[in-house]
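Residues per chain, in single letters:
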Amino acid sequence: MKLIFSDPFVYGIPKSLFSNLLKRLPLVLLASTLSEVELLLTNNAEIHALNKQYRGIDKPTDVLSFESTQMPSGIAPAQIVISVERAREQAKEIGQSLHEELRFLFAHGLMHISGFDHKTPAEEEVMLGKVYELLGRKPQSETSKTLNN
């Protein structure tokens, strides 16, 4: 599985932080059809604009995901966009490292582009279980993070 990695603000986050999760994805989702994922690390202003344009929500968010789309030139890869600024804020709020928060958000985005959602409590439970399985962690029922995008 190929990761197209973009860090235009030069946050210095290593690509391997995410590519390792991509390698594990087929172990968690046996029927995964993803072959290529594009990851963009950005700031709150950029993700705010994308959130407003594509979701109609006029505020920044932590992660956005877009499934593969058919383009005139072929199939565009699935895309995940993460605000490093928002991830840093959330990591501080919940007392974990920035790298762990970025891994969580990437795993969250991977589940979305793989067809999972969290519109209902039952869907959220399944999706969160898959996220933690991909991360190699066990969900902590009372302290587990609520999926909020």
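Our subject is the structure listed above.
Computed from a predicted model, the values in this text were never measured in an experiment. Here the residue numbers are simple positions, counted from 1 along each chain's written sequence. pLDDT decides what is reported in this predicted model: residues at 70 or higher carry local features, side-chain atom pairs at 80 or more are listed and counted, and totals for whole chains, interfaces and linings draw on all residues regardless. Side-chain calculation: all heavy atoms of the structure are included, whereas hydrogens and water are not.

A. Broad picture of the nonpolar core. Buried Ala, Val, Leu, Ile, Met, Phe, Trp, Tyr and Cys residues that are joined via side-chain atoms within 4.5 Å together make up what is termed a nonpolar core. Exposure is judged per residue with a 1.4 Å probe applied to protein chains only, and the accessible area is read against the type maximum: over 50% gives exposed, under 20% gives buried, and values in between give partly exposed. In terms of nonpolar packing, the biggest core is built from 34 residues, with Phe18, Ile80, Ile82, Leu102, Phe106 and Leu110 touching the most fellow members. Per the convention used, a helix needs a DSSP run of H or I reaching at least four residues, while a strand needs a run of E reaching at least two, with both numbered from the N terminus. At the level of secondary structure, the elements contributing two or more residues to this core comprise helix H1 (16-28), strand E2 (36-42), strand E6 (78-83), helix H3 (84-94), helix H4 (98-113) and helix H5 (121-135). With 9 residues, the single largest contributor to this core is H4. Contacts: residue pairs with any heavy atoms within 4.5 Å of one another. Setting aside anything within four residues of it in sequence, one finds phenylalanine 18 in contact with Leu3, Phe5, Ile13, Leu39, Leu41, Leu102 and Phe106.

B. Here's a closer look at helix H2 (residues 44-55). With 12 residues, H2 extends 15 Å from end C-alpha to end C-alpha; this agrees with the ideal 16 Å at 1.5 Å per step. Contact partners of the buried residues in H2: E2, strand E3 (63-66), E6 and H3. Regarding H2, its N-cap is asparagine 43, as a side-chain oxygen of that residue lies 3.2 Å from the backbone nitrogen of alanine 45 further along. One or two steps after H2, the chain reaches glycine 56, where phi turns positive at roughly 70 degrees. Expected span of a helix: the number of residues minus one, times 1.5 Å. Counting of polar contacts relies on pairs of N or O atoms within 3.5 Å, with two restrictions inside protein: one atom must be capable of donating a hydrogen and the other of accepting it, and residues adjacent in sequence are counted only when both atoms are side-chain atoms.

C. Structural detail: the sheet that holds strand E1 (residues 2-6). Two strands are said to pair when DSSP picks up at least two bridges between them. The 4 strands are arranged E1-E2-E6-E3 in an open sheet whose pairing can be described as mixed. Edge positions in the open sheet fall to E1 and E3, since each of these has one partner strand only. If you compare each strand with its neighbour and ignore which way they point, the axes differ by 15 degrees on average. Here 5 bridges tie E1 to E2, and the two strands are oriented parallel to one another. Bridge assignment links isoleucine 4 to a residue of E2, and that residue is glutamate 38. Orientation is described by lines fitted to C-alpha atoms, with helices fitted over the stretch in contact, and by angles between N-to-C directions that extend from 0 to 180 degrees. Contacting E1 and E2, H1 runs over the sheet at an angle of about 155 degrees to E1. Lying on the sheet, H2 is in contact with E2, E3 and E6; it crosses E3 at an angle near 45 degrees.

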